[in-house]
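Summary of structural features
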Amino acid sequence: MRTLIDHVTVLTMDPEGHVYQDGYAVIEDQKILTAGNGKRPEQIDRYIDGQGGILMPGMINVHSHIPMIPFRSMGDDCPDRLRRFLFPLELEAMTPELVYRSSRYAICELLLAGVTSVLDMYYFEDQVARACDEMGIRGWVGETVINMETCDSREPYGGLALCEALIQKWKGHPRVHPIVAPHATNTNSTEMLKAASDLARKYEVPYTLHVSEMDYEMEYFQKEYGQTPIEFLYDLGVLGPEMIAAHCIHATDHDIELFAETDTRVAHCIGANTKGGKGICPVLDMRKAKVTVGIGTDGPSSGNTLDLFTQFKLAASFQKTRYHNRGVFPAHEIVELGTMGGAAVLGAQKELGSIEAGKQADLVLIETRSVNMFPIYNPYSAVVYSANASNVDSVWIAGKQLVKEHRLLFADLKEEKRKLEAVMPAFRERAVRYADIL
Ligand SMILES: [Zn+2]
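Below: a short report on this structure. The written sequence of each chain sets the order in which its residues are numbered from 1. For this predicted model, a pLDDT threshold of at least 70 governs which residues receive local features, and a threshold of 80 or more governs which side-chain atom pairs are given and counted, while totals over whole chains, interfaces and linings are taken from all residues. Hydrogens and waters are ignored; side-chain quantities use all the structure's heavy atoms.

1. A word on the overall build of the protein chain
Here a helix means four or more residues in a row that DSSP labels H or I, a strand means two or more in a row labelled E, and each is numbered from the N terminus. Along its length, the protein chain carries 15 helices and 16 strands. By the compact-globule yardstick of 22 Å for 438 residues, the protein chain fits well, its C-alpha radius of gyration being 21 Å. Taken along its principal axes, the extent of the C-alpha atoms in the protein chain is 65 × 50 × 45 Å. Each residue is assigned to one of three classes by its accessible area relative to the maximum for its type, calculated with a 1.4 Å probe on protein chains only: buried under 20%, partly exposed between the two thresholds, exposed over 50%. The buried share of the protein chain, reckoned over its 438 residues, is 60%. Intrachain contacts of the protein chain at a sequence separation of at least 6 include 72% that bridge at least 24 residues. The Shrake-Rupley method, run with a 1.4 Å probe, gives the accessible areas here. Residue values count only the displayed protein chains as cover. Total accessible area on the protein chain is roughly 17,200 Å²; 50% of this is exposed by carbon and sulfur atoms. Across the protein chain, 44 positive and 59 negative side-chain charges occur, with their mean positions spaced 5 Å apart. The globule rule is 2.2 Å times the number of residues to the power 0.38, and the radius of gyration it is compared with is taken over C-alpha atoms. Two residues qualify as a contact provided that any one of their heavy atoms is within 4.5 Å of a heavy atom in the partner residue. Charge counting treats Lys and Arg as positive and Asp and Glu as negative, with His and both chain ends excluded. Working definition for charges: the position is that of NZ of Lys, CZ of Arg, CG of Asp or CD of Glu.

Encoded structure:
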């Protein structure tokens with residue numbers, strides 16, 4: 001089965017940075033057969049007129065907690081909300097059914113926004129994996145390991161065993177990739193961080209955690225060890241190419257050297273970091289040191305949206321502001337972070353992240369007819385600064401079209417919302433007691 005997507009500007013994101021004006025791409029089964037702007041291939045089974053839209057690789061969200069949809073817009077401006085109400089509410093009110101229904105709803109949002117791969121860490125992660133499997137998105141899913149009782153484990157650190165079960169169940173799935181996900185440096189013991197890393201290495205899966213995100217985390221490590229959390233992780237022997245370090249807001253020059261030396265990868269979550277008033281990750285310094293960086297939204301309660309368009313604008317604006325230089329992070333570099341950068345963070349750069357022959361056909365067609373998309377001089381700029389998720393017309397994953405003309409082909413958003421609302425009453429009842437800070 002060959003599909004020709006015609007009359008599009010193709011942002012290939014290949015190493016040479018090819019852009020094909022009035023171009024095309026051909027999907028053959030699950031993969032990209034070719035792309036260009038010359039003579040169109042003749043043997044075609046299906047023809048799609050892209051009507052002058054922008055065709056780009058599927059976007060890759062490398063840090064999220066998608067089952068947290070019920071928390072969206074709750075206590076947005078409340079300081080220290082993680083400890084004040086997020087942890088307690090999760091413990092009391094999250095159930096497998098709520099995680100499953102929230103995940104399905106969140107995946108609708110991701111797909112409609114052109115996100116074709118998502119890394120997730122949460123509780124009852126098997127339900128997230130199930131939702132990814134059913135809905136056609138690519139998911140990297142990790143059970144949270146943390147030093148306290150959680151909604152899915154009465155014992156602290158029960159997540160480690162759940163992680164191993166998750167790996168054994170899902171490893172080898174073509175789209176659902178189990179990972180190991182200790183919560184953070186300051187919410188796990190030294191032994192547990194090592195055990196989690198050992199588990200990831202045993203099964204050759206990625207390992208992700210929140211690092212150098214919180215002021216109190218930095219103070220704790222300085223006081224306790226006279227080190228930064230990243231120096232601590234280096235000495236522990238857990239940095240490496242399988243590690244995806246989320247946030248890294250407070251990374252020092254020495255930390256960045258350690259990341260470069262060990263090929264540790266970074267998930268940059270600018271929306272969540274700046275909404276929380278926490279700071280701006282030194283991404284430019286990381287890139288100069290050849291550290292691999294991708295973009296994450298963080299959970300829907302941290303950044304409110306799961307799309308990368310929102311993050312693109314914020315990442316560009318805040319990096320320019322941090323370095324007092326409008327010229328840094330031109331739009332094509334921002335798009336690269338959300339495509340090839342994300343693929344490299346996940347270790348999937350040979351299959352994903354660009355439109356090149358032989359790669360998986362994960363594609364997004366952005367329409368350029370809407371009021372906010374005129375005029376266009378530079379298609380990367382249009383994607384980063386002009387576009388938003390509502391401009392996503394069509395989405396393919398592994399050659400299968402999942403979104404067409406802004407609508408999901410294999411899920412009904414109204415129905416997903418209705419089913420999620422049906423399992424939310426107990427959560428809402430418990431949330432009400434925080435009304436004074438919400
Ligand atoms: Zn997070």
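2. Regarding the coordination of the zinc ion
Coordination of the zinc ion by the protein is provided by His63 (NE2), His65 (NE2), His210 (NE2) and Asp298 (OD), with metal-donor distances spanning 2.1 to 2.3 Å. In this description, a donor is an N, O or S atom within 2.8 Å of the metal centre, a cutoff extended to 3.2 Å for sodium, potassium and calcium. Water is not part of the atom list, which can make sites seem incomplete. Along the chain, the residues donating to the zinc ion are arranged with the sequence spacing H-x1-H-x144-H-x87-D. One end of the pair, His65, is in the loop between strand E5 (59-64) and helix H1 (81-93); the other, His210, is in strand E9 (residues 207-211), and 145 residues separate them in sequence. Since its relative accessible area comes to 8%, His65 is described here as buried.

3. Observations regarding the environment of Asp298
With respect to the helices, strands and loops of the structure, Asp298 is situated in the loop between strand E12 (293-295) and helix H11 (308-322). Classification of Asp298 as buried rests on a relative accessible area of 4%. In this structure, the C-alpha to C-alpha distance between Asp298 and Ala246, residues 52 residues apart in sequence, is 8.9 Å. Those residues in contact with Asp298, other than ones at most four positions away along the chain, are His63, Ser64, His65, His210, His247, Cys269, Ala272 and Leu306.

4. Section: unusual backbone geometry
One can expect most non-glycine residues to show negative phi and most peptide bonds to be in trans. Here the bond from Phe374 into Pro375 is cis, since omega is -5°, no more than 30 degrees from zero. Positive phi values are uncommon outside glycine, yet Asp80 reaches one of about 50°. The phi torsion at Tyr157 lies on the positive side, around 70°, for a residue other than glycine. Tracing the chain through its elements places Tyr157 in the loop between strand E7 (138-145) and helix H4 (159-170).

5. Re the sheet that holds strand E13 (residues 363-366)
In this scheme, strands are said to pair when DSSP sees at least two bridges between them. Taken together, the 8 strands give an open sheet; going across it, the order is E3-E2-E1-E4-E13-E14-E15-E16, and neighbouring strands pair in mixed fashion. At either margin of the open sheet sits one strand with a lone partner, and together these are strand E3 (31-36) and strand E16 (407-408). Both strand E4 (residues 46-57) and E13 contribute to a ladder of 4 bridges, which runs antiparallel. Counterpart to Met56 in the pairing with E13 is Val364.

6. As for helix H5 (residues 190-203)
For a helix, the expected span equals 1.5 Å multiplied by the residue count minus one. End to end, H5 covers 20 Å across 14 residues, agreeing with the expected 20 Å (1.5 Å per residue, within 8%). Inspection of H5 places Met192, Leu193, Ala196, Ser197, Leu199, Ala200 and Tyr203 among the buried residues, and these make up the whole buried set. Projected down its long axis, H5 carries its buried residues within an arc of 155°, all on one side. Across from the buried face of H5, at angles greater than 90 degrees, the exposed residues are Glu191 and Lys202. Structurally, H5 contributes buried residues whose contacts are with E7, H4, strand E8 (176-182), E9 and helix H7 (229-236). Positive phi shows up at Glu204, right after H5, with a value of about 55°. Of all possible arcs, the one meant is that of the directions from the helix axis to the C-beta atoms.

7. Examining the packing of aromatic side chains
Each pair of aromatic rings taken from Phe, Tyr and Trp, with Trp reduced to its six-membered ring, is defined by centres within 6.5 Å and is described as stacked if the planes are under 30 degrees apart, edge-to-face if over 60, and tilted in the remaining cases. The final tally for this structure, using the stated rule, is 9 aromatic pairs. The interplanar angle of 45° and the centroid separation of 5.9 Å between the aromatic rings of Phe85 and Tyr434 together place this pair among those described as tilted. One end of the pair, Phe85, is in helix H1; the other, Tyr434, is in the segment after helix H15 (425-431), with 349 residues separating them in the sequence. A relative accessible area of 9% means that Tyr434 is categorised as buried. Measuring from ring centre to ring centre gives 6.3 Å for Tyr220 and Tyr225, while their planes differ by 80°; the resulting arrangement is edge-to-face. Here the aromatic cluster, defined as three or more aromatic residues joined through ring pairs, consists of Tyr220, Phe221, Tyr225 and Phe232. We note Arg83 situated over the ring of Tyr216; from NZ or CZ to the ring centre the distance is 3.8 Å. Above the face of the Phe410 ring, Lys400 is positioned so that its terminal group lies 4.3 Å from the ring centre. For a Lys NZ or an Arg CZ to count as sitting over a ring, it must be within 6 Å of the ring centre and within 35 degrees of the ring normal.

8. Re the packing of H4 against H5
The relative placement of two packed helices comes down to the angle between their axes together with the axis-to-axis distance. A fitted line through C-alpha atoms represents every axis, and for helices the fit uses only the stretch in contact; the resulting angles, taken between N-to-C directions, go from 0 to 180 degrees. Their axes nearest at 11 Å, the elements H4 and H5 cross at an angle of 10°. Between H4 and H5, the angle is such that the two are roughly parallel. In contact with Leu160, Cys163, Glu164, Ile167 and Gln168 of H4, H5 contributes Met192, Ala195, Ala196, Leu199, Lys202 and Tyr203. Counted by class, the contact of H4 with H5 contains 8 nonpolar, 1 polar and 2 charged residues. These descriptions rest on fixed angle ranges, namely under 35 degrees for roughly parallel, over 145 for roughly antiparallel, 65 to 115 for roughly perpendicular, and the rest for oblique. Gly is placed with the polar residues, together with every amino acid not listed as nonpolar (Ala, Val, Leu, Ile, Met, Phe, Trp, Tyr, Cys and Pro) or charged (Asp, Glu, Lys and Arg).

9. Some points on the pattern of salt bridges
The term salt bridge refers to a side-chain nitrogen of Lys or Arg lying within 4 Å of a carboxyl oxygen of Asp or Glu. Counted under the stated rule, the structure contains 28 salt bridges. When the shortest N-O distance is used, the salt bridge between Arg101 and Glu97 registers 3.7 Å. Of this pair, Arg101 and Glu97 both sit in helix H2 (residues 96-112), 4 residues apart, which is roughly one turn of that helix. We note a salt bridge from Asp362 to Arg138, for which the minimum N-O separation is 2.6 Å. A residue pair is termed long-range when its members are at least 10 positions apart, and Asp362 in the loop between helix H12 (331-345) and E13 and Arg138 in strand E7 qualify at 224 residues. There is no split in this pair, since Asp362 and Arg138 are both buried.

10. Observations concerning the packing of H11 against H12
Closest axis-to-axis distance for the H11/H12 pair is 10 Å, and the angle between their directions is 135°. Taken together, the axis directions place H11 and H12 in an arrangement best described as oblique. As H11 packs across H12, the resulting crossing turns out to be right-handed. The segment H11 lies against H12, with Leu308, Phe312, Ala315 and Ala316 engaging Ile334, Val335 and Gly338. The residue makeup of the contact of H11 with H12, split by class, is 6 nonpolar, 1 polar and no charged. A clockwise turn of the near helix away from the far one marks a right-handed crossing, whereas an anticlockwise turn of less than a right angle marks a left-handed crossing.

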